[in-house]
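Chain and residue survey
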Amino acid sequence: MRYSENFATDMEDNQQIWENIYHIGKQQIKYPYGDLPSHVFTHYGKDTDKSGLKVIEIGSGGGGNLWFFAREGFKTYGIEFSPSAVKNSQALLEKDGLSGDIRVGDFRALPYEDEFFDLVLDRNSLYCVVKKDLLKAASEVRRVLKKGGRFLSYMYSAESECLKYGEPEKIEENTYTNFKTRPFVGAGITHFTTERELLDEIYQGFDVEYIRKTTNDFVYPKRYNDIVIFITSGVKK
C-alpha cells in the first residue's frame, strides 16, 4: 500500500506530531521506563562510581529516564526534538535538585564530540523515522560512544501483531504510518525492526551482549495483543 501525503512520512512531520503531544502534557512520565533500571544496574551496579560516566538518552521525551540517571549519579544528557518535552524534562529534574544537559536537537546529527559518552539509551525513539534515518542515527551513536561504551536500545519488532490488524499505510519495508487502531494511532512514522537488522546494521561495529524479546499481551480483558519489543545491549568495539 502506498502512503498518503496527508500523513507523517518524514522526520519533520513526526517532530510536529510529538511536539503537539508533549505541549498538551501527554507522555509526561516522572519515573524510569519499566525494567530499564534493572538493565542499567546489571552493567553499572551499586559499587560502580557513576560520577564520571556520561549517559545520553536520544529522544528523551518527558524526562523520566533522565531523572533516574541523574538521581543515580551519572552525568546526564538528553536530546529531544520537542521543545515542550525539553522544558518539561528540565523542570522535572530541577524540582528534585537534579541537573542534566537537555537540549533540543536531532539524533541524526548529535552535537557532541567523537567518543564522548559511556552509555547511549534509545528507549523507543529511533523507531519514529524511515530506515535510512534510523541507520544515520545508529551511525551517530557509534561515533559519540567511547570504545567499550554501551548502546542500550528498545525497538519495536516486526513480529508485532498490530501490523496484521492496525491497517497502517506502508512507507517502505517494515515502516508504516496512519495506523487505524491502537497502540500506534497518531504516532506518525513507525519502523519495526528485525533480529537480523539489529545484528547486521543497527549494531554494526558492536559486540552484541544480548537481544531480549518482550511481548505486551493483554490476555484479560482482551483488547489488543500486539507489541513485541527487542531490548538490545551492545558494546562498541
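To be clear, the structure that these remarks concern was listed above.
Here is a short report on the structure shown in this document. (Residues numbered from 1 in each chain as written. Predicted model: local features only at pLDDT ≥ 70, side-chain atom pairs only at ≥ 80, totals over all residues. Heavy atoms only, no water.)

**Let's talk about the packing of helix H5 (residues 131–144) against helix H7 (residues 195–202)**
- Here H5 crosses H7 at 50°, and the two axes come no closer than 11 Å. By the angle between their directions, the pair H5 and H7 is classed as oblique. Contact residues: Lys-131, Leu-134, Leu-135, Ala-138 and Arg-142 in H5; Glu-197, Glu-201 and Ile-202 in H7.
- Broken down by class, the residue content of the contact of H5 with H7 amounts to 4 nonpolar, no polar and 4 charged. (Axes fitted to C-alpha atoms, helices over the stretch in contact; angles between N-to-C directions. Helix = DSSP H or I, 4+ residues; strand = E, 2+ residues; numbered from the N terminus. Parallel < 35°, antiparallel > 145°, perpendicular 65-115°, else oblique. Contact = heavy atoms within 4.5 Å. Nonpolar A, V, L, I, M, F, W, Y, C, P; charged D, E, K, R; others polar.)

**Section: the packing of aromatic side chains**
- This structure, assessed with the given rule, holds 22 aromatic pairs.
- For the ring pair Tyr-77 and Phe-117, a centre distance of 5.2 Å and an interplane angle of 80° mean the geometry is edge-to-face. With Tyr-77 in strand E2 (residues 75–80) and Phe-117 in strand E4 (residues 117–123), the pair connects residues that are 40 residues apart, well separated along the chain. The two residues Tyr-77 and Phe-117 agree in class, both being buried.
- A network of ring pairs unites the aromatic residues Tyr-127, Tyr-156, Tyr-176, Phe-179, Phe-184 and Phe-192 as a single cluster.
- Over the face of the ring belonging to Phe-116 we find Lys-54, whose NZ or CZ atom lies 4.6 Å from the ring centre.
- Across the ring face of Tyr-33, the terminal group of Arg-123 is positioned such that the distance to the ring centre comes to 3.7 Å. (Phe/Tyr/Trp six-rings, centres within 6.5 Å; stacked < 30°, edge-to-face > 60°. Buried < 20%, exposed > 50% of the residue type's maximum accessible area, 1.4 Å probe, protein only. Lys NZ or Arg CZ within 6 Å of the ring centre and 35° of its normal.)

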